[in-house]
Amino acid sequence: MGRVEAALRELRGAQKSAKGVSLYSRFVNRPTGRYLAAGSYALGLTPNQVTLVSAAFSFAAVAAVALAAPSWGLGVAVWGALAVGFAFDSADGQLARLRGGGSAAGEWLDHVVDCAKLTALHTCVLIAFYRFPEAYGVGTGTAGAHGWLLVPLGFQFAAVVTFFGGLLTEKLKPKPAPGSPAAAPSTVRAVALLPVDYGVFCLVFLLLGGGKLFAYAYAGLGVVAGLFLLAFLAKWFRELSAVPR
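Residues numbered from 1 in each chain as written. Predicted model: local features only at pLDDT ≥ 70, side-chain atom pairs only at ≥ 80, totals over all residues. Heavy atoms only, no water.

Engineer: Break down the overall build of the chain for me, citing the residues and quoting the values.
Structural biologist: When helices and strands are tallied, the chain shows 10 helices and zero strands. The order of helices and strands in the chain, counted from the N terminus, is α-α-α-α-α-α-α-α-α-α. Considering the chain as a whole, with its 245 residues, one finds that 38% of them fall into the buried category. A fraction of 82% describes how many contacts in the chain between residues 6 or more apart in sequence connect residues 24 or more apart. For the chain, the computed accessible surface area is about 12,700 Å², with 69% contributed by carbon and sulfur atoms. (Helix = DSSP H or I, 4+ residues; strand = E, 2+ residues; numbered from the N terminus. Buried < 20%, exposed > 50% of the residue type's maximum accessible area, 1.4 Å probe, protein only. Contact = heavy atoms within 4.5 Å. Areas by Shrake-Rupley, 256 points an atom, 1.4 Å probe, with all protein chains shown as cover.)

Have a look at this one:
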């Protein structure tokens, strides 16, 4: 316990800026990841091993969505596995900072797993709609049922482009000068970002037993993701247009 407590104390002072982070990530996922990072440190795990633990939980949930008929119990299990996977996704970076810094290979692995997770999750919702159309209330053998298959494709497009666009923007923007004060996080922005926070998105899977309720809630979040993508693209292009070449 002493090793875990010492790691927790050190991690509290080594957190990333909360700027541009939603309330869920700031007050739920990062603190949970901090405890997981401290426990992983005590067990002697490496950041890459923690990334693979995150992937195991996430892809187990993804497979369950595609393979199992929807039910309330399945929804709780899927949400739980996705939430734990997301917390471990936060823990790997915190563990890297605790151990003195990460590696290029570790950062690459983390981002590849994140991208694969996003792509696979929406693909498996599409598979679920195709395999269990009546259970999800999306019809069977009709144009409407086929139209519902476009919803996960659109959601996937918005999620992946947002992920890649945000990552590339951070790489292209000039780094702040060493020692410059970090910008204060905005509570309004943190609340506004909740609808597109991955952890909040995972909550929709609690509705898997609700059939059409899940389908409509999922589609609604997909529409929100599309609107946020348009806003993000305009913001990022404007910011990068001001960067001298």
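Engineer: Quick one: what's the story with a nonpolar patch on the surface, residue by residue and with numbers?
Structural biologist: Judged by side-chain polarity, F164, L168 and L172 come together as a nonpolar surface patch covering roughly 300 Å² of accessible area. Positionally, F164 belongs in helix α7 (residues 150–172). (Patch = residues over 30% accessible without salt bridge, like charges linked within 9 Å, V, L, I, M, F, W, Y side chains within 5 Å. Salt bridge = Lys/Arg side-chain N within 4 Å of Asp/Glu carboxyl O.)

Engineer: Give a detailed account of the environment of T46, specifying residues and quantitative values.
Structural biologist: Looking at the secondary structure, you find T46 in the loop between α2 (23–43) and α3 (47–67). A C-alpha to C-alpha distance of 7.8 Å links T46 and A96, two positions 50 residues apart in sequence. Non-local contacts of T46, meaning those with residues more than four positions away in its chain, are made with L95 and R99.

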